[in-house]
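Here is how the chains run, residue by residue.
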Amino acid sequence: MIENVKTRMGDLAGLLRRPRTIAEIDDGRVGLVCHCRKVEYSTVRHAIGKGSRTVADLQRSTTACTRCFGCRSELERMLRLHLGDAFRHEPTVTLPPEYARIAPTRPMYMPVLAGFRGAEVDTKVIVFNWEGPEKPVAFRADLLRLDGVRVHVWNQEVSYGCSGVLDLSREAIGLLLPDGVGVIKLILEIDEVGSLRPYFHFVTPTCVSSTHEKKGPADPNRRTDRKYHWIFPIGLGERQEEAYFFCTNTQMEPMVSELVWQSDGKGSASAPVPTLEFDHSACVPLHEHFPAIATGAEGGSVRLAPATHAVAGFIIRHEPEGQLWRVQHL
Amino acid sequence: MPSFGWWAHPRDYALTVVLSTHHATVDPEAEFHVTLRGYSGGSDPVWQHEVGYLDHGAEKAVLLDELDLPEPPDAGGVLEVHTIRLDSEPRNVIGFVGMWIDARGRDGGGYLIPTIPIRGASKVVKRDDLQVIPGIMSSREIETELVVLNVVENPVEVRLVASSAGGLVAEGDWFTIDPWAAWHGKLSNELPRVRQLLAQDGGIGSLAVYSSHRVLPYFGFRRAGQPLVSMDHSAPIFA
């Protein structure tokens, strides 16, 4: 995002020292910025020009960012562009009280690999409308980087009896995920999930691996201590494997956590997880932190601690010898 | 409530049952007792292994290869992970303590799947006679493998209906799975026209699994003769 500003306006450092005019924050983007509430870029620019200084201000003045919060990073980008150094990032997502009674949507999250670590691995998402209404069901898919920044939006629908397929291969998404890893956040525009739970594939020249999405909590605003830990189980085997713990924070408070490896009777060790704000993800290479689990010689589990946050979690394994990528939801 | 998974044939997979007390609770006073059982066509287990008592904090990895077990049928059998919490009474809502199976393929690959109950999950489903598998594939290069577990006393009738991405349908015949047994097959064997059906939409579609009572279906893919790399469960029809 900053690169765009630099290219367009030249002296970035100078620009960041003073508030921008409306004309200057008009970076040429048109259409919807908030796809849930159908709020346009121009509406947000106008609100910023009228004095909105925070995402909370924009929520009140435009209704943007009051449902799935998928446009939060984009609103922040626009505010930062306008306010420069005066912009203050708020790590916790909030909702104006007047929206608190509206049941939030429950986004569904899936990891996306598209050339991750140079590997020939791509991703597809499939939505099957077998038991839904006899009319097309709309869904929206936001492609996010690990830092929660939305880089693309698809609006699709799937007809009754049909399957909707979203191609997230390297060929399809180009350079949208420079690190080859991200998240797809899918929002179904229907109250009942029915048969429409999305599954996804990791596709390589030698294998296809599949599992289903993980849904965000019914109330992302309310943090309740979980009754158990998310775990990554480690069985015994004879082949070298890489192992990645992939998770997205689906609650509005930032998540501060660690991963704890505990083997069957042979002690434990821990590794840090980056602090994750809402919609931020981490893909932690467990085999680099806990070499024992890569060999298959020790069984046990890796748990996410403390057991406080609702995450959309996945287990990803990679057998380099055969280019075998395996994925499983937690 | 007991939970179940596929007892895959040891010729193909090395199964580790990962028992994690951290996956069950955060209560430091919790105590558990775990028993593993295998079934192959009858309600009496053909083997039973008492793992024993686990205090909170214990993690246990049980490699079935290290137990002296009889072999299941070619299609595999049903693996029961029966975990009982000893320090508290069951709650009003029937609960279960699900654990994990980490199956490593003898030739690489494998699958990792939580054990699940036939009843007791907290999510509300609309019907017991239908589940779906979005994203099946069948072509000369890629094949969908299916496993269906019947974990009740009665035989179950099952029918597979494949749908191309564009909505064309191929229906299979009803077939029977014995009580406490596993069925394991290739999609194209059950639905011989499925490759032609899916070819019209890029070789991809979805599957509906109809059954006379609740079953536990799983699916995975094999590409170009390479090992299978996952075996996830189907999706119920959620309310």
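Everything below is about the structure printed above this text.
So, a few notes on the structure that sits alongside this text.

Cut-offs applied
- Residues numbered from 1 in each chain as written.
- Chains lettered and ligands numbered in written order.
- Predicted model: local features only at pLDDT ≥ 70, side-chain atom pairs only at ≥ 80, totals over all residues.
- Heavy atoms only, no water.
- Helix = DSSP H or I, 4+ residues; strand = E, 2+ residues; numbered from the N terminus.
- Rg over C-alpha atoms; globule rule 2.2 N^0.38 Å.
- Buried < 20%, exposed > 50% of the residue type's maximum accessible area, 1.4 Å probe, protein only.
- Pairing = 2+ DSSP bridges.
- Contact = heavy atoms within 4.5 Å.
- Patch = residues over 30% accessible without salt bridge, like charges linked within 9 Å, V, L, I, M, F, W, Y side chains within 5 Å.
- Areas by Shrake-Rupley, 256 points an atom, 1.4 Å probe, with all protein chains shown as cover.
- Salt bridge = Lys/Arg side-chain N within 4 Å of Asp/Glu carboxyl O.
- Axes fitted to C-alpha atoms, helices over the stretch in contact; angles between N-to-C directions.
- Left-handed = near helix turned anticlockwise from the far one by under 90°.
- Nonpolar A, V, L, I, M, F, W, Y, C, P; charged D, E, K, R; others polar.
- Phe/Tyr/Trp six-rings, centres within 6.5 Å; stacked < 30°, edge-to-face > 60°.
- Lys NZ or Arg CZ within 6 Å of the ring centre and 35° of its normal.
- Arc of directions from axis to C-beta.

### Notes on the overall build of chain B
Line of reasoning, step 1. Across its full length, chain B carries two helices and 18 strands.
Line of reasoning, step 2. Relative to its length of 239 residues, chain B is compact, with a C-alpha radius of gyration of 18 Å against a globular reference of 18 Å.
Line of reasoning, step 3. The principal-axis extent of the C-alpha atoms belonging to chain B is close to 55 × 40 × 30 Å.
Line of reasoning, step 4. Out of the 239 residues belonging to chain B, those deemed buried represent 59%.

### Digging into the pairing of strand 9 (residues 199-203) of chain A
Residues and elements named next belong to chain A.
Line of reasoning, step 1. With five of five residues buried, strand 9 lies mostly within the body of the structure.
Line of reasoning, step 2. Burial of strand 9 is two-sided: the residues Y199, H201 and V203 facing one way and the residues F200 and F202 facing the other way are all buried.
Line of reasoning, step 3. Inspection of the sheet shows strand 4 (residues 122-128) paired to strand 9 by five bridges, in the antiparallel sense. Note on strand 9: the bridge partner recorded for I126 is Y199.
Line of reasoning, step 4. Examined bridge by bridge, strand 9 and strand 10 (residues 208-212) share five bridges and lie antiparallel to one another. Paired with H201 across the strands is S210, a residue of strand 10.

### Side note on the environment of B:D129
Residues and elements named next belong to chain B.
Line of reasoning, step 1. Relative to the assigned elements, D129 resides in strand 9 (residues 125-137).
Line of reasoning, step 2. In this structure the C-alpha to C-alpha distance between D129 and S212, which are 83 residues apart in sequence, comes to 5.9 Å.
Line of reasoning, step 3. Excluding residues that lie within four positions of it along the chain, D129 makes contacts with V209, Y210 and S211.

### Focus on a nonpolar patch on the surface
Line of reasoning, step 1. Together, B:Y53, B:I84 and B:L86 make up a nonpolar patch on the protein surface, roughly 330 Å² of accessible area in all.
Line of reasoning, step 2. Mapping B:I84 onto the fold places it in strand 6 (residues 77-85).

### A few points about the packing of helix 4 (residues 41-49) of chain A against helix 5 (residues 55-62) of chain A
To characterise two packed helices, one gives the angle between the axes of the helices and the distance between these axes.
Residues and elements named next belong to chain A.
Line of reasoning, step 1. Running from N to C, helix 4 and helix 5 cross one another at 115°; their axes reach a closest spacing of 10 Å. Like other packed secondary-structure pairs, helix 4 and helix 5 cross with a definite hand, here right-handed. Contacts from T43, V44, A47 and I48 in helix 4 reach L58, S61 and T62 in helix 5.
Line of reasoning, step 2. Considering only residue class, the contact of helix 4 with helix 5 consists of four nonpolar, three polar and no charged.

### Some words on the pattern of salt bridges
Line of reasoning, step 1. Taken as a whole and assessed by the stated rule, the structure comprises 26 salt bridges over all chains.
Line of reasoning, step 2. One salt bridge in this structure joins A:E74 and A:R29, with 2.7 Å as the shortest N-O distance. Of the two residues, A:E74 is situated in helix 6 (residues 72-83) and A:R29 in the loop between helix 3 (22-25) and strand 1 (32-34); the sequence distance between them amounts to 45 residues.
Line of reasoning, step 3. As a salt-bridge pair, B:R195 and B:E143 come within 3.5 Å of each other at their nearest N and O atoms. Separated by 52 residues along the polypeptide, B:R195 in helix 2 (residues 194-199) and B:E143 in strand 10 (residues 142-150) bring together distant segments of the chain.
Line of reasoning, step 4. A relative accessible area of 8% means that B:E143 is categorised as buried.
Line of reasoning, step 5. Residues joined in a network through salt bridges with shared partners are A:E241, A:R317, A:R326, B:D102 and B:R104.

### Points about the packing of aromatic side chains
Line of reasoning, step 1. Inspection of the entire model under this criterion finds 17 aromatic pairs over all chains.
Line of reasoning, step 2. Where A:Y244 meets A:W325, the ring centres are 6.2 Å apart and the plane angle is 25°; that geometry is what we call stacked. With A:Y244 in strand 13 (residues 242-249) and A:W325 in strand 19 (residues 324-329), this pair connects stretches of sequence that are 81 residues apart. Neither residue differs from the other here; A:Y244 and A:W325 are each classed as buried.
Line of reasoning, step 3. Put simply, the rings of A:F116, A:Y244 and A:W325 pair up and form one aromatic cluster.
Line of reasoning, step 4. Across from the ring centre of B:Y210, 5.6 Å away, lies the NZ or CZ of B:R159, which sits over that ring.

### Remarks on the sheet that holds strand 19 of chain A
All names here are of chain A.
Line of reasoning, step 1. Pairing is antiparallel across the open sheet formed by four strands, whose spatial order is 16-13-18-19. With one partner strand each, in any of the chains shown, strand 16 (281-285) and strand 19 form the two edges of the open sheet. Taken over all neighbouring pairs, the strand axes of this sheet differ in orientation by 20° on average, direction set aside.
Line of reasoning, step 2. Here strand 13 pairs with strand 18 (residues 311-319) via eight bridges, running antiparallel. Looking across to strand 18, one finds that C247 is bridged to G313.

### Considering helix 4 of chain A
All names here are of chain A.
Line of reasoning, step 1. Residues of helix 4 that are buried include every one of Y41, V44, R45, A47 and I48, and no others. Each buried residue of helix 4 lies within a common arc of 160° when the element is viewed along its axis, so the set occupies one face.
Line of reasoning, step 2. The first or second residue beyond helix 4 is G51, which carries a positive phi of 125°.

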